[in-house]
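Fold and geometry: a report
Residue-level listing of the chains:
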Amino acid sequence: VDRAPQNCRRWQEETAYVGAQAIRAAAPKQTGFLTTRIEGFPQRDGSVRFRADVGDPPYGLFQEVGTGIYGPVGKYITPKRAKYLSWIQPGVGRVYAKRVRGSMPKRFFRLGFWATFGKRRTKYYGTTGGIGARRG
């Protein structure tokens, strides 16, 4: 059932476009892939939702809310099946670590919302990544 009035459609479409542009402008641009995946979607209830669909694991979510000690769980990232974590760092080569802090949140969705709609008119659920406050 579509509960949004017909005259609301144009507002939703323009809000989705302008909001997505503002979020893209605030997004991290290391490779540019994330910015191409940010979209706004008009909803049946008259609202507009935004997402950055970048696959599994959800890279856009990790950039928004942070990981490790900076993220919703608040713990160091440790290996599950190996003795060390390992990755290739540009200019350095292969790096090994028993644990890492994670990445700090970029909050590009929040910045884009605030730039478009202002702080008082925005419902932002990015603090916990939409999964509720989990600690432990």
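Our subject in this report is the structure included herewith. (Residues numbered from 1 in each chain as written. Predicted model: local features only at pLDDT ≥ 70, side-chain atom pairs only at ≥ 80, totals over all residues. Heavy atoms only, no water.)

1. Details of a nonpolar patch on the surface
Judged by side-chain polarity, Ile69, Tyr70, Tyr76 and Met104 come together as a nonpolar surface patch covering roughly 350 Å² of accessible area. Here isoleucine 69 shows up in the loop between helix 3 (59-65) and strand 3 (85-89). (Patch = residues over 30% accessible without salt bridge, like charges linked within 9 Å, V, L, I, M, F, W, Y side chains within 5 Å. Areas by Shrake-Rupley, 256 points an atom, 1.4 Å probe, with all protein chains shown as cover. Salt bridge = Lys/Arg side-chain N within 4 Å of Asp/Glu carboxyl O. Helix = DSSP H or I, 4+ residues; strand = E, 2+ residues; numbered from the N terminus.)

2. Quick notes on the pairing of strand 4 (residues 93-97)
As defined by bridge partners, strand 3 adjoins strand 4 across 5 bridges and the pair is classed as antiparallel. Paired with serine 86 across the two strands is tyrosine 96, which belongs to strand 4. Counting the residues in the hairpin turn of strand 3 and strand 4 gives 3 residues, including glycine 91, whose phi is positive at 85°. (Pairing = 2+ DSSP bridges.)

3. A word on helix 1 (residues 8-26)
Across its 19 residues, helix 1 extends 27 Å between first and last C-alpha, which sits within 8% of the 27 Å expected from 1.5 Å per residue. Along helix 1, the residues that are buried comprise Cys8, Gln12, Thr15, Ala16, Gly19, Ala20, Ala22 and Ile23. One side of helix 1 holds all its buried residues, which, seen down the axis, span an arc of 165°. Projecting away from the buried face of helix 1 at angles above 90 degrees are the exposed residues Arg10, Tyr17 and Ala25. The secondary structure elements touched by the buried residues of helix 1 are strand 1 (38-42), strand 2 (48-52) and helix 4 (108-117). (Expected span 1.5 Å × (residues − 1). Buried < 20%, exposed > 50% of the residue type's maximum accessible area, 1.4 Å probe, protein only. Arc of directions from axis to C-beta. Contact = heavy atoms within 4.5 Å.)

4. Overview of the pairing of strand 1
Judged from the 5 bridges that link them, strand 1 and strand 2 form a sheet pairing that is antiparallel. Bridge pairing in strand 2 places glycine 40 opposite phenylalanine 50. A loop of 5 residues connects strand 1 with strand 2, the two strands running antiparallel in sequence, and glycine 46 in this loop sits at a positive phi of about 100°.

5. Brief notes about the pattern of salt bridges
Opposite charge on two side chains lets them pair, provided their charged atoms get close. Tallying each qualifying case throughout the model produces 1 salt bridge. Notably, a salt bridge pairs arginine 10 with glutamate 14, separated by 3.1 Å at the nearest N-O pair. With arginine 10 and glutamate 14 both in helix 1 and 4 residues apart, this pair spans about one turn of that helix. Residue classification places arginine 10 among the exposed residues on the basis of a relative accessible area of 60%.

6. Things to note about the side chain of threonine 15
Looking at the element boundaries, threonine 15 is found in helix 1. Residues in contact with threonine 15, not counting those within four places in the same chain, are Val48, Phe50 and Phe117.

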